[in-house]
Every structure is written in structure tokens, then in C-alpha cells.
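Architecture and fold: a report
Here is how the chains run, residue by residue.
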Amino acid sequence: MEIDRILSAEIESRESAGIEALRAASQHPIPDPDGWLDEQIKRNMLFTTVDAALNWARKTSLWPVTAFTACCTFEFIGASSARFDIARFGMEVLRASPRQADLLVCAGTLTWKMAPQIKRLYDQMAEPKWVIAMGACAISGGIFCDSYSVVPGYNRIVPVDVYIPGCPPRPETLLAGIETLRHKIEKESISKPR
Amino acid sequence: MALPTEPFILNIGPLHPSTHGVFRMRVTLDGEIIQDVEPVFGYLHRGLEKLCEKYTYKQNIPLTDRLDYVSAINNNWPYVMAVEQLGGIVVPQRAEYLRVIMGELQRIASHLLAVGSLMNDMGIFYTAFMYMFREREKIIDLLEMVSGQRLLYNYMRFGGVSMDIPTEFLPALARFLKVMPGFLDEYDSMLTGNEILLSRTKGIGVMSSEMAINASASGPMLRGSGVKWDLRKDAAYSVYDKFEFDIPIGQNGDCYDRYRVRMEEMRQSLRIIHQAVEQMPAGKEKLPVPLRLRPAKGEVYTQIEAPRGTLGCYLVSDGTEKPYRCHFRAPALINLTVLRNLLIGQKLADAIIIFGSIDISMGEVDR
Amino acid sequence: MTTTIDYKDLAVRLQEQFGEGFTASTDCLEVPPNLVAKAAEYIKNMLDFNYFDMVTAADYPDRFELIYRLQSLSHNVLATFKVICSRENPSVPSLANLWLGASLQEREIYDLFGIEFSGHPNLKRIVLWDDFEGYPLRKDFKGKVYGTAN
């Protein structure tokens, strides 16, 4: 019928005008309702270099292995006991296993009979690894430097990073030495070979 | 069909957390049972006796500290006694009492470490060790007040001690003496009746008194086996004849008895310190001695009761300012003579406990 | 308190048993090297000296001296011996079979002085390594001193 044709044409044109209007109004996407997420990202992401991140991780959890030969042992043990507490520096994992360690603390006089064992211990540690020479005997042979059986310093056998003087060094001196080592680790870079 | 087996040599190497220093044992094992033990010494041999001939008498006092580094004050004592006998040097009474007070404080600190390490070996994994180190830190504070050092004090001199006590020492010592018996009671309540400790130490490492005497054991090793021999009573030196104290003796000679002897000796040391503080006279802490001391020609042997046993010093002087020969009778080395006999037939886990109960200090064993 | 044995009396008794060579002084008894083991056995069994305190050595220009200290714990008596042996091929009988406590101390003297103890069950170097040359505690030891000059 005529009216049917006129009505359906009107409906058609009204609907197509609606589609055209919606199309004209939807030229740009509606922004996601996640403005709150921006704040979170700002608070939880930080941008840094690979070097800084890696060095931060390495320096704050140095796991020592014990090369405990003589008297300085007991100042190291005193430093790890409840009063001075190296656990707050991430260092309380004092296992006697070189495979899981990255810091060799050389505490005590080294004799030539013992030297091959220290070399073997150092070789068994995985990279990256650092060495602290603790005490006068470890630096230069100390009070025993003129003896026929004493190695004048651990640096004849293994490369040493930090020297801590004292006979024996107080636990506070040991903690200052560890802090020096941490400053040294901060300056390292994976692009330069150690 | 029987499974073929063969013995296996295990190296309990020089760097091992349970060996109390750089000590090595080559153990031949048949399963878990030990068939043979070969101890290897010398990883800390620093040539101390040869160095003593190179330095003057006074320069050797810090060298002697490094012998048994766990109880350093006691190591000076036989050496200064030997030089005083050769040089005719008189020690004032106040200095003798000061030596006794510091020596007994050091004995308590050394026994705390010995018992703590033994507990470590049993697997407590540092709990008891940390508790005992808490007390050891109190004693180290007292000794630091007097000598300025924490571990190797260099405190004794010929003719006395190096410095008199400061004014704050005696009140601090009184506070320590008041709280220490409470801490010893705490350890007793945690450890002495503990069934794990009893099952791991009773009947282990039994050494009869004949074997102990034949093997020249001394100190708690000898007293744990029932032999009543303590140099502070049987060959009294310094002013020990003026004090009243008991000598704890064990009955069976096993590891438990040696542990109990050490715990009891700590209580007796507290008694001696009380009496020494009461009896100590005023006076000088040392008399003047020539800087380059030249004792008379001769030889002398002096001995004291160190925490690990009889520590002796054999000194030969040829009239010059350096010793001609200086030898230290090290109790830890001689106590280790009997190690092989005690370990054969035991299981490996018990071997660590027996070794811990002998209580050695490698600086003394190897010198 | 520890008393010392009467050395003159002891010298007379030992001379009756084993022959000449024993010289007594106020504080020690000198024993000839070849009679050391026999004299020690006599003292241990007859006089109840059951505790071997220590043995050490000293190096003089013309001789080695070995100093022994033996004690009887039950009677609290001390006896000191001296044994003088020559510097060429020094050799003394070992007492390790009588007293177990002598064994490690004799090994140490062998290691550091070069004095042989015949009859010792396990005489080898104890504190130094096997390839070490020389005997350090002798006065003429010209070993390398690994000081700062090296």
C-alpha cells in the first residue's frame, strides 16, 4: 500500500540518519576509564640502567664463604652475632659452600700449606665474585711476615678487592670494609670485563 | 648374595665448619663406621717459636697472644712467669690478683665458646652459639675496658700487668657477676636435661682414666675422665692458693661429662673472681723493668692451667736480650693424641661430636 | 704442691740397673741416648710415673738437647730428664710405645729439628709439608724468609 511504502521509507531514512549521526559522533575512540592506573604506574615503575639495577642487587646480598684460618675468624663471628649483625646487610647466609657464595672473606694468616686450598676455593666460586682480605696477616703477613711458612698476604694467591686493616679488626671496621666493597660494586659495569 | 663393599676414604678437609679451625682428618669409612683416622696438622703453622728467637723478650708478648686466640690472656701468663723467674723480677700482689681476675674472666669466655661450638656441631645451628656469644660480648667489654683490645689483649707485662683497672671496671664487673649465674642457669635449663643432647653425648667418646693419663690429656679432657688434676690446686702458681674453689670431675669420661665439667668450671671461675675482688690490695700494677731486659743465663719451665689444659713455656736464655729457645707446650695438640683411639669404631656423626668435645684451637696446635 | 724426685738417688738406682752414664744435677738427670727407653720404662713401671708431660728440644752449637718431663699424678712428683745427642745423625729411642702422649710431640721435634726417634710408629713430618727442605728450628736454617723483600 502507499502508506506502507511511505512509512517504511521514513523508518529507513530515520534509521540511516541515526547510523550516520552515530558514525559522525564516533570518529574518535572513547578514552579508557583507567585514569587511576596512571598514578599506580608512576608510583611503581622506575627507570634506571641495567648496570645500576644489577649492581644494587649484587651489593645488597653478598653471600660470604668462609676462608677462616686464624684469629680474625672470631671477630667475623662476632660481627655476625646479635650485637653487630651483618644480617642487616644481607650477609647472614654464611654457608661453607663456595658454589653458592660470591664473597670470599679471607680472615687469618695464610700458610703455604693452606694456600692451594684457598686457590681451589676461589676457583670453585662462580662469577661474579669478590675477595675481602681481613686483618694484618691477610694484607701482608702481619706479625708473622718474616716466618718461613707464611704467605705474605692473600694477594699472592687470589686477587683482593678490599683490604681491612687491624689485628684483629673490630667488627665495626669490618662493617666499614663491607661498605667500601659495596661502593666499589656500585661502580662496576657489565660492559667492562672484571 | 652379599653386596660387595669396600672402604671409602673421606676427607674432612681443612676448611670445614665443624673442624674449629683449619684441621684436616682423612677418615676411612666402612659405610658409616670409621675404620681409621689420619689427622693432618700444620695448616696454621706460622713458625711462632722461630719468631720468638728473632724478637726481644718484650716483643714476644703479643706473639704469645696468638697461640690460643680464643683465650688470649692465659697465653701470656706462662711466658711472663718464665721471664720473671729467670730475670728475678718480683710481681706486686695487686698485679697478681689482676692477673687472676682477667685469667678467670677469659676462662669463662673460652668455655662459653667451647660449649657453643659443641652445640653447633650437634645441629642447634647457631641458637645456643648466639646466646653464649651474647655473654662473651659482656666479658669482652670488661676486658676491653682494661686493655683496649677485643680479642688479643697483650695485657701482661714482666712484673705485672700493663695497665691498672679504670674506675668504672669494678662496678661493671659487679653487675656482670650478679647476672652471670642466672644466664648459666638458663643454659642448664635449656641444654643439660635436653634429651637430644643426652642421646648425642652420653656414652659417646668414652675415655677411661688410664687412657687419658697415658695420652697426656690435660684440662677438662682429663678431669672429665675422673682424674682429679688441676694445676691451680696441685701445682699452685700466682695467688691461687688463697682461693677456695672446687674442681669438677666427671665419672664416665664421655662427651657429656666433658660438657658438664666445662659448665661447672664456669661457675667455679665466678667464685674465684668474687674472692679475688674482695681480697685485692691496693698497690702498683707493675714494677719498673729495663726496656731491653737481659735475664740471667739459664732455662726454666713454667706452666699454668689454661682453659684447654696445661699450657707450659720452656725458656732458655743465653744472657742476651732475645730468647735462645722458647717452646710452648700446647694442650690442644697433646689432647689430640688420643683422637684416633676415640674415633675408631664410631659413626661419622659421633666423630664430629667427639672432636668438638676435645675443644681445640688451631693456633695452639700448629703454633 | 709438686715435689721433684731426688735425682742423686734416682741416678744411683738407674746405674745399678743399667750401667754408667747417668749424671744427676739439682734440677734434672742426664740420661745417655741409648739408655733412654730402658730408663723410662723403669721409671714408668717401678716408680709409677704414668704421665708424660712434655718433650722438647734445643739446638746448641755442639749438640742437641732433649728435655723430658715425666710426672706421677697420684704422688704429685716430677722428674726432668735431659738427653744429649750429637748434631750428626741425631737419633734417640722413641717413648711413644710407653706413653701415647709422646707420639705427636716426637713427630714435631723430628719435623722441626731433624732428630730421629727410632721405634716411633709413624715418624713423618707433621706441621710442614713433605717437600719442605731443611729443619727450621735449627740455628743454621738458611731457609727463604718470605718477607716483604721478595
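Residues numbered from 1 in each chain as written. Chains lettered and ligands numbered in written order. Predicted model: local features only at pLDDT ≥ 70, side-chain atom pairs only at ≥ 80, totals over all residues. Heavy atoms only, no water.

Some details on the overall build of chain B
Threshold: Starting at the N terminus, helices and strands are each numbered in turn, a helix being any DSSP run of H or I of at least four residues and a strand any DSSP run of E of at least two. When we talk radius of gyration, it's over C-alpha atoms, and the globule rule is simply 2.2 Å times the number of residues to the 0.38. In this scheme, a residue with accessible area under 20% of its type's maximum is buried, one over 50% is exposed, and one in between is partly exposed, where area comes from a 1.4 Å probe on protein chains only. The contact definition used throughout considers only heavy atoms, calling two residues in contact when any of these lie within 4.5 Å. Areas reported as accessible are Shrake-Rupley estimates using a 1.4 Å probe. Residue values count occlusion only from the protein chains shown. Residues scored as charged are limited to Lys and Arg (positive) and Asp and Glu (negative), so that His and the chain ends carry no count. Charge placement uses NZ in Lys and CZ in Arg. For Asp and Glu, CG and CD serve respectively.
For chain B, the helix and strand inventory stands at 15 helices and eight strands. The C-alpha radius of gyration computed for chain B amounts to 21 Å, which stays within 12% of the reference 21 Å derived for 367 residues, consistent with globular compactness. Seen through its C-alpha atoms, chain B measures out along the principal axes to roughly 80 × 45 × 35 Å. Looking at chain B as a whole, 65% of its 367 residues qualify as buried. In chain B, the proportion of contacts linking residues at least 24 apart, taken out of those at least 6 apart, comes to 72%. Of the accessible surface of chain B, which amounts to about 12,400 Å², a share of 54% is contributed by carbon and sulfur atoms. In chain B, the 41 positive side-chain charges and the 43 negative ones have mean positions that sit 6 Å from each other.

Regarding the pattern of salt bridges
Condition: Counted as salt bridges are all cases of a side-chain nitrogen of Lys or Arg within 4 Å of a carboxyl oxygen of Asp or Glu.
Applying the stated criterion to the full structure yields 49 salt bridges over all chains. Notably, a salt bridge pairs Glu53(B) with Lys139(C), separated by 3.0 Å at the nearest N-O pair. In this pair, Glu53(B) is assigned in the loop between helix 1 (48-52) and helix 2 (60-65) and Lys139(C) in the segment after strand 8 (116-118), connecting two distinct chains. Assessed through its relative accessible area of 13%, Glu53(B) is described here as buried. When the shortest N-O distance is used, the salt bridge between Asp230(B) and Arg232(B) registers 3.1 Å. The pair Asp230(B) / Arg232(B) is uniform in exposure class, with both members buried. Connected via shared salt-bridge partners are Glu104(B), Arg107(B), Arg223(B), Asp230(B), Arg232(B), Glu265(B) and Glu305(B).

A word on the sheet that holds strand 1 (residues 8-12) of chain B
All names here are of chain B. Note the cut-off: Here, a strand pair is defined by DSSP locating no fewer than two bridges between the strands. Angular values range over 0 to 180 degrees, each being the angle between N-to-C directions of two axes fitted as lines to C-alpha atoms, with helices fitted over their stretch in contact.
In spatial order, the strands read 1-2-3; together these three strands make up an open sheet with antiparallel pairing. Only two strands of the sheet have a single neighbouring strand rather than two, namely strand 1 and strand 3 (33-40). Within the sheet, the average angular offset between the axes of one strand and its neighbour, ignoring direction, is 25°. Relative to strand 2 (residues 24-30), strand 1 is paired through five bridges, and the arrangement is antiparallel. Looking at strand 2, one finds that Phe8 is bridged to Leu29.

Some points on helix 3 (residues 102-113) of chain C
Here is the rule: Expected helix span is taken as 1.5 Å per residue step, with the number of steps being one fewer than the number of residues.
For helix 3 of chain C, which comprises twelve residues, the first-to-last C-alpha distance of 16 Å matches the rise-based estimate of 16 Å (1.5 Å per residue) to within 8%. The element helix 3 of chain C is largely enclosed, with a buried count of twelve among its twelve residues. Of all the positions in helix 3 of chain C, only Ala102(C), Ser103(C), Leu104(C), Gln105(C), Glu106(C), Arg107(C), Glu108(C), Ile109(C), Tyr110(C), Asp111(C), Leu112(C) and Phe113(C) are classed as buried. Against the buried residues of helix 3 of chain C lie strand 8 (325-329) and helix 12 (331-335) of chain B together with strand 4 (51-60), strand 5 (63-72) and strand 8 of chain C. A positive backbone phi angle near 90° is found at Gly114(C), which sits one or two residues after helix 3 of chain C.

So, the packing of aromatic side chains
All names here are of chain B. Stated formally: Aromatic rings from Phe, Tyr and Trp, taking only the six-membered ring of Trp, are treated as a pair when their centres fall within 6.5 Å; an angle between ring planes under 30 degrees marks them as stacked, one over 60 as edge-to-face, and anything in between as tilted.
Inspection of the entire model under this criterion finds 24 aromatic pairs over all chains. Summarising the aromatic geometry, the rings of Trp77 and Tyr237 are spaced 5.5 Å apart at their centres and angled 85° between planes, so their arrangement reads as edge-to-face. One end of the pair, Trp77, is in helix 3 (residues 72-87); the other, Tyr237, is in the loop between helix 10 (231-234) and helix 11 (255-279), with 160 residues separating them in the sequence. According to the relative accessible area criterion, Tyr237 is buried, its value standing at 6%. Ring centres 5.9 Å apart and planes at 65° place the aromatic pair Tyr126 and Phe129 in the edge-to-face group.

Observations concerning the packing of helix 5 (residues 127-147) of chain B against helix 6 (residues 169-192) of chain B
The description of two helices packed together rests on the angle between their axes and the distance between the axes. All names here are of chain B. The following threshold applies: Roughly parallel here means an angle under 35 degrees, roughly antiparallel means over 145, roughly perpendicular means 65 to 115, and every remaining angle is called oblique. What makes a crossing left-handed is the near helix being turned counterclockwise from the far one by less than a right angle; a clockwise turn instead makes it right-handed. Classes in brief: Ala, Val, Leu, Ile, Met, Phe, Trp, Tyr, Cys and Pro nonpolar; Asp, Glu, Lys and Arg charged; the others, Gly included, polar.
Direction vectors running N to C along helix 5 and helix 6 enclose 165°, while the axes themselves pass 10 Å from each other. Taken as axis vectors, helix 5 and helix 6 run roughly antiparallel relative to one another. At the point where helix 5 passes helix 6, the crossing takes the left-handed sense. Between helix 5 and helix 6, the contacting residues are Tyr131, Met132, Arg134, Glu135, Lys138, Ile139, Leu142, Met145 and Val146 on the first element and Phe169, Ala172, Leu173, Phe176, Met180, Phe183, Glu186, Tyr187, Met190 and Leu191 on the second. A class-by-class count of the residues in the contact of helix 5 with helix 6 yields 15 nonpolar, no polar and four charged.

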